[in-house]
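Listed here are the chains, written in short residue letters.
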Amino acid sequence: DGGITQSPKYLFRKEGQNVTLSCEQNLNHDAMYWYRQDPGQGLRLIYYSQIVNDFQKGDIAEGYSVSREKKESFPLTVTSAQKNPTAFYLCASTDGGKNTGELFFGEGSRLTVL
Amino acid sequence: DQQVKQNSPSLSVQEGRISILNCDYTNSMFDYFLWYKKYPAEGPTFLISISSIKDKNEDGRFTVFLNKSAKHLSLHIVPSQPGDSAVYFCAANLYNFNKFYFGSGTKLNVKP
């Protein structure tokens with residue numbers, strides 16, 4: 001079945017460590033996104049990529065980095081520079097508006113900093 | 001600056017009644033609007049959408065209304081069911097930029 005797979009589902013990190021969240025899609029979508037959700041808040045855009053080898057900062061990119069070496073993959077690294085990394089992270093993709101323009105989401109990854 | 005706003009953080013309705021969730025936006029260039037439903041610890045799932053050239057779109061129990069002059073959209077759920085209890089996000093899209101903006105969500109509780 002086509003979809004978006006995020007891993008790991010739960011991740012614990014010590015302060016000062018970098019961690020990488022995986023996002024893989026087999027929907028053949030061009031555009032991929034990373035969002036962060038905090039309690040009582042909406043989804044805030046971290047980074048997005050419209051095409052392979054290209055990506056743009058979203059509204060809260062500080063302390064995060066991404067790469068887009070393959071169409072299927074858009075990993076997010078949470079660096080030690082991110083001051084408040086504990087959150088629920090969501091990866092999404094879209095076909096770029098060729099059909100409905102709908103965003104498809106993964107199941108999310110919950111990162112907790114100890 | 002939040003371009004999509006959901007001013008009601010929560011809503012409680014009785015089973016069988018209508019649920020109305022509201023959303024306001026500030027950017028008149030948005031041309032596509034979507035509603036998502038989200039359960040705790042899961043990714044949001046697409047519910048219904050509407051293009052800016054329309055003012056209404058219906059899918060079963062779900063209807064989305066768009067008032068462009070007021071920059072307002074609403075989601076109507078009729079009749080509401082306990083399984084509809086979730087957080088609902090509205091989102092707006094700038095087609096040419098393929099960038100989605102989300103509201104802060106409204107938590108709907110449908111009481112049996």
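Residues numbered from 1 in each chain as written. Chains lettered and ligands numbered in written order. Predicted model: local features only at pLDDT ≥ 70, side-chain atom pairs only at ≥ 80, totals over all residues. Heavy atoms only, no water.

Enquirer: A description of the state of the cysteines should follow, citing residues and the corresponding values.
Expert: Going through the model one piece at a time under the given rule, you end up with two disulfides over all chains. Each sulfur of the disulfide joining cysteine 23 of chain A and cysteine 91 of chain A lies 1.9 Å from the other. Across the disulfide from cysteine 23 of chain A to cysteine 91 of chain A, rotation about the S-S bond amounts to roughly -75°, and the bridge is consequently left-handed. Within this pair, whereas cysteine 23 of chain A is found in strand 3 (residues 19-25), its partner cysteine 91 of chain A is found in strand 9 (residues 87-94), the two being separated by 68 residues in sequence. Like cysteine 91 of chain A, cysteine 23 of chain A is buried. A sulfur-sulfur distance of 1.8 Å marks the disulfide that ties cysteine 23 of chain B to cysteine 90 of chain B. Between cysteine 23 of chain B and cysteine 90 of chain B the sulfur-sulfur dihedral comes to about 60°; the bridge is accordingly right-handed. (Disulfide = S-S within 2.5 Å. Helix = DSSP H or I, 4+ residues; strand = E, 2+ residues; numbered from the N terminus. Buried < 20%, exposed > 50% of the residue type's maximum accessible area, 1.4 Å probe, protein only.)

Enquirer: Account for the interface of chain B and chain A, with residues named and values stated.
Expert: Counting from both sides, the interface comprises 18 residues of chain B and, opposite them, 24 residues of chain A. When the two sides are added together, the surface that chain B and chain A hide from each other amounts to roughly 1,800 Å², 55% of it contributed by carbon and sulfur. For the chain B face of the interface with chain A, the top three residues by lost area are Asn98, Phe100 and Phe102 of chain B, together amounting to 30%. Connecting chain B to chain A are zero salt bridges. Connecting chain B to chain A are three residue pairs in polar contact (both at pLDDT 80 or more). Contributing elements (two or more residues each) for the side of chain B that touches chain A: strand 4 (32-38) and strand 10 (99-102) of chain B. At four residues, strand 4 of chain B tops the list of elements feeding residues into the side of chain B that touches chain A. Taken together, the residues of the side of chain B that touches chain A sort by class into 11 nonpolar, four polar and three charged. (Contact = heavy atoms within 4.5 Å. Buried area = accessible area lost by both parts, 1.4 Å probe. Salt bridge = Lys/Arg side-chain N within 4 Å of Asp/Glu carboxyl O. Polar contact = N/O pair within 3.5 Å; in protein donor to acceptor, adjacent residues only side chain to side chain. Nonpolar A, V, L, I, M, F, W, Y, C, P; charged D, E, K, R; others polar.)

Enquirer: How would you summarise the sheet that holds strand 7 (residues 64-66) of chain A if you had to cite specific residues and measurements?
Expert: All names here are of chain A. The four strands are arranged 1-3-8-7 in an open sheet whose pairing can be described as antiparallel. The outermost strands of the open sheet, each flanked by one partner alone, are strand 1 (4-7) and strand 7. The mean angle between the axes of side-by-side strands here comes to 20°, regardless of whether they run parallel or antiparallel. Pairing between strand 3 and strand 8 (residues 76-78): three bridges, direction antiparallel. Across the sheet, residue leucine 21 finds its bridge partner in strand 8, namely leucine 76. (Pairing = 2+ DSSP bridges. Axes fitted to C-alpha atoms, helices over the stretch in contact; angles between N-to-C directions.)

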